[in-house]
Every structure is written in C-alpha cells, then in structure tokens.
Amino acid sequence: MARWLRAAAVAGCTALLCSSGLLAAPAYADDSSSSSFTVDPPYGQVGQTVTLTAAGTTTFPTDGSASVTFNQDVAATSVDSVSPTQLSVVVPSGATTGPVDVVASDTTYAGPTFTLQQPTTWTASLTPAVITYGHQAMVSAALSTAGAVSGPVAGASATLQHRASSTGAWHTAPHTSAKQTGTNGRVRWTIQPSRNGQYRVQFAPTPAYGASTSTPLAMAVRPHLTVRKIKTAPAGTPTRIVGHIQPRNVGPVYLDKRRGGSWHGIKKTTPSHGRFSFTVSPEAYSVIHYRIARPADAIHAVGTSRTLNIEVVNRVLRYGASGPDVRILQSRLRALHYDVGSRSSFYGWDMVHAVTAFQKVQGLHRDGIAETDVWKALAHPKSVHLRHPNSGSTEVEVNLTKQVLTIAKHGKVWRIIDTSTGGGYSYTGSNGQPAVAITPTGHYTVRYKETGWRKSKLGELYYPSYFTTTGFAIHGEGDTNAGSEVPPYPASHGCVRISNSAVLRYYYKVLTVGTPVWIYR
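This part covers the environment of I474. Along the chain, the position of I474 falls in strand β38 (residues 473–476). Judged by relative accessible area, I474 falls into the buried class, the value being 1%. Residues I474 and K409 lie 65 residues apart in sequence; the distance between their C-alpha atoms is 18 Å. With sequence-adjacent residues up to four places away left out, I474 is seen in contact with V396, L405, Y463, P464, S465, F467, V496, I498 and L511.

Right, here's the structure in full:
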C-alpha cells in the first residue's frame, strides 16, 4: 500500500484556483519504501501501549495536538507526547491490522503497518502435584486463540518458570529451555524438583498472537525415606531399625508406632549423612507396625517411609525360663489383672499358674506354657466379667466352668487366680459315707479361718478360709515347690484350691471373715 505525505492545502493554493472557488487537492508524496516513523512494538493488542518514534527529520508537536489513527479509520483516544520525536499511544478499541497515521496540524505522517494480535488463552497442568524426592513430574500447557474463532496456536515460544515460594522471584526452571508449541498448541517439560515450589508457563507474543502466562502451579516434594525390612524380631530383645533419607540434612526424623488405629511418635533422631537408626524392644504382641516420618516444613512436604510390619517372635516359655521376654509376659498378664506374683524375669510357678488362668479364660489348652497361641491371644484378649459386681465391698467369685477365682474390688476385677475345684469323682467322705467331689454353688461368706497347715481326714489344707460350716474352704495344698497343688482341671474333693503362694498373698487382707463368696457355673 502506498504511503502519502500530505502538504497544507491553504498554503499551496494558487490565485487562479482560489478565485475559481475550488480547493487545491492535497499534495501527497509516495513513501512506499520508507515511513515517517516506527512503531514499537509493531504488533499488540487493544489496550496495549506502543511507542511511535519519528524517522529522519520528522518531528511531532509537543502541545498535544497530534492525533493517531489505526488502519486509517480508528482514532486513538490516548496519545501522549514524550518528546518532539516520540509519542506514546494506547491501541484503541476497534483497531484492526493496517497502517498507523499521525496527523499534526495540516500534515499527515504515514507510518508502518501495525498488526493487531489475537488474544490467547492457556491451559496448564502439573502431574503429579506431590512427588517423592528423586521422582519426576510433567508440566503440560496449551495455547489457543481467545477470539471469535478459537484454535491452537502453533509456533509460539514457551518458557517454564519456577520460584521457591509464593513471594519469591520467577526464574527459568533449572535444566529446562524454551520450547515451541506444536501444531496442537501444546508444550511440555519433564522436571525433577528437589524442593517445594511453584511453576508457571510463559508464552511469548508473536506478530499474530498475544502473550499469555499461566497461573502458578504448586509442587510439593516429600523426602525419600527408606527403611531396611525386618520381618521378625524376638520379644524383649533390642532390635535396630535403620534407614536412609534423601535429600540429606533435612533435620530430625521420627519413629512412629501404630496404636489404636493412629500413629504416635515414640523416638526422634537426627540423621548423619542421610542415615538414621532407632533401637526398639518389641513387646509381646503378634505384629507391631512402625514407620519413619519427617514433618513438613517450608522446603519439603511431610515424608513417611513404608510401614514396617514386625512380627514378634516369642520363645516358648515354660517353667525355668528366664529373660526379658518373661518380664514382658509377666507385665502384660499383670496389666490384665492376672495373679503373677512378685516382679521377676524368671518363669516360676506363679507364672505357670498365671498363664494357666489366662488359658482358661481364653479357651486355650491349659498347660501353663506360653506358646504361640498365648502370645496371639495377648494381642486381643477376652475379658473376665463379674457375675455379681458390688461397688461397696471386696468380693470373691469362683467360676466353676472356667476354673478361675476372681477377686473384685469396688465392682471391678482386681485379680484373676488359677483354681481347681470339685473333680466330680466319687469318694468316701470323712463320715465314712459315699460322696461326690462337687463344689457347692451359691452365695456364701468367709465364716472362719485357720493358719498354717490344717490336717483333715481328706488331706492337708494350707491356710484355709472356710465359706461353709461343712468344711468347704479356699485353701492351698501340697508341696509348694512342686507346682502340682493346683492342676489345670477340677481335682479337689469340693474345696476351692489355689496355689500356696497365692493363699499367702490374699489370706490376711482379702479373704477376711465376712468376705462375700459367689460360686457359679
């Protein structure tokens, strides 16, 4: 398209033309090979500010009288004089691609073609948005036109930018370079972040299309925690849990243990060169769940290792055994109110009877030996329920079916004791008459007591506490050191037999005269 420079008509008219009543035609100079000024940038969108810079000897008025039109018919409403050689112009609404003209007084300065860019829109995604340190993620974005006719924008330059925090400065993402959108308008990068941060995609403008910048995409990076697998560990024995964290020097890590459906921190340490170690002594449960955790901070998201499921390997404990696992077993039974005697790491007769009582309540084989079935039952034990709870007194209940004696205080189970009651066999009574070895059921009280050994026609009774007038008592019997005075089955003539050591623990302070005794099946 030809460029024309128009001169002032009034100054150029002749007397002949003026006298004839006709205006002189404006004089135009063909400037198709060069323009009176340049436009920077030579493309843009409505509302964008461009700078017009005069070329050669061209100057613009500085009094605000200059006007600017786009494509010959759309006038700019915002024109500011920067200097005699520069104007600042806002691209007006309705502008289209075409030449830019400056009109100053009676002179029109023809400029170059200004290309009106089409507006663009973008889509962007970050997948996944949370990764473990050392893993990769994908940033994808697409650019398309936002005009009346939409479609992908190909060949646009796109840059991936990164910042460490929401208030930090944007920089080109490490290990990335600018890319060109494909025919589908899409571009993507594979990234391997080392810390939390934000990413965005910046599309550079082209002569035909405007620039676009996506909103920030948040990335969370979790520390990578590995822990050495441990399948089994002996009960009560120190066991080391070791592992590694990346990146190094991220601060302390915690050992969590799962209890009651939730995780609880039990130990803390600071890794050295990314390595950490914890020492635990697993208790006598079937399986214990551990994990390593690193709390979240400004640099990294919370990190956790896989769950470490340790099956506790328990020794078969029987009379004569000793060790920390015996103490663990004793502590667990004591917590469940079983009579275990004095604290000890030795598996003596008190422990034999405590385990036997536990086996009776759980419905297990009754032999006083802690094998796998006992250890598993300890993880989810059945409880003893009182038949006649009384919050106002100490009472004794004897369950003939389970063969256990329960001492209750204030309506709650206090001690559970191994017992042996009437064996159901026939024998000759002290009066010479045939009798059956049956423990009477009903509600009784301790009527009277005798200390030491009490010899009767049916055998010797150790510290008996009689609950009937016909000789039925709670007592010990036999050789204290043999452990056979209370067999794991009904064996007495009808009395309630407990171990000699248990008799001494409860004879004076529990089995007092007047103590209620309930016996039932």
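The next subject is the environment of E397. Position of E397 relative to the elements: it lies in strand β29 (residues 394–399). As for E397 and V316, which are separated by 81 residues in sequence, their C-alpha atoms are 31 Å apart. Among all residues touching E397, those that are not within four sequence positions of it are L386, R387, H388, P389, V404, L405, T406, W518 and Y520. At 2.9 Å, the side chain of E397 forms a polar contact with the backbone nitrogen of R387. A distance of 2.5 Å separates the side chain of E397 from the backbone nitrogen of H388, its partner in a polar contact.

Taking strand neighbours across the sheet as the criterion, the 3 strands line up as β20-β22-β25 in an open arrangement whose pairing is antiparallel. The open sheet is flanked by β20 (224–227) and β25 (275–280), the only strands paired with a single partner. Each neighbouring strand pair of the sheet contributes to a mean axis angle of 25°, computed without reference to strand direction. Examined bridge by bridge, strand β22 (residues 239–246) and β25 share 6 bridges and lie antiparallel to one another. From the neighbouring strand, I241 faces β25, where its bridge partner is F278.

Definitions and limits used
Counting from 1, residues in each chain are numbered in the order their sequence is written. The predicted origin of the model limits local features to residues at a pLDDT of at least 70 and limits the giving and counting of side-chain atom pairs to 80 or more, whereas totals for whole chains, interfaces and linings rest on all residues. No hydrogens and no water enter the side-chain calculation; it runs on all heavy atoms of the structure. Secondary structure counts use DSSP, requiring at least four H or I residues in a row for a helix and at least two E residues in a row for a strand, with both numbered from the N terminus. The buried label applies to any residue whose accessible area, calculated with a 1.4 Å probe on protein chains only, is under 20% of its type's maximum; exposed applies above 50%, and partly exposed to all values in between. Between two residues, a contact is recorded if the distance between any of their heavy atoms is within 4.5 Å. What qualifies as a polar contact is a pair of N or O atoms within 3.5 Å, subject to a donor-acceptor requirement within protein and to the restriction that residues adjacent in sequence count only when both atoms come from side chains. Pairing between two strands requires that DSSP report at least two bridges joining them. Inter-axis angles, ranging from 0 to 180 degrees, are taken between N-to-C directions of lines fitted to C-alpha atoms, where helices are fitted over the stretch in contact.

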